[in-house]
Amino acid sequence: MAWEEKNNALYQSFSFKDFPEAFAFMTRVAMLAEKQDHHPVWKNTWNKVEIWLNTHSAGDVVTDKDRRLAADIDKLLNK
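Structure report, in brief. Keep in mind that this is a model prediction, so the values were computed, not measured. (Residues numbered from 1 in each chain as written. Predicted model: local features only at pLDDT ≥ 70, side-chain atom pairs only at ≥ 80, totals over all residues. Heavy atoms only, no water.)

1. Some remarks on the sheet that holds strand E2 (residues 9–15)
The strands that make up a sheet pair up through hydrogen bonds in the backbone, lying either parallel or antiparallel. Sheet architecture is open: four strands sit in the order E1-E2-E4-E3, paired in antiparallel fashion. Strand pairing shows two members of the sheet lacking a second neighbour, strand E1 (4–6) and strand E3 (41–45), which therefore form its edges. Strand-to-strand twist in this sheet, taken as the mean axis angle between neighbours without regard to direction, amounts to 20°. Alignment of E2 against strand E4 (residues 48–53), held across six bridges, turns out to be antiparallel. Counterpart to Phe14 in the pairing with E4 is Val49. Helix H1 (residues 19–35) rests against E2, E3 and E4 of the sheet, and its axis sits at about 165° to E3. Sheet strands in contact with helix H2 (residues 64–77) are E1, E2 and E4, and its direction is about 15° off that of E2. (Pairing = 2+ DSSP bridges. Helix = DSSP H or I, 4+ residues; strand = E, 2+ residues; numbered from the N terminus. Axes fitted to C-alpha atoms, helices over the stretch in contact; angles between N-to-C directions. Contact = heavy atoms within 4.5 Å.)

In structure tokens:
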């Protein structure tokens, strides 16, 4: 699944084998986000992680900063 732009955010849902895998993914995303000083809105329910990206300082719209983080998150899954 690819990132979908809706409601002024990039959105994607990710599914994993179980909660530990989902949590490990969230940890890796958190490290990326911290390095980029860009922090997602997200939700985790057992093996599912949902992420919304937009730039709050730009008025809660999608910017290149969001697209960069989304691309880096995708790279985590392709390793």
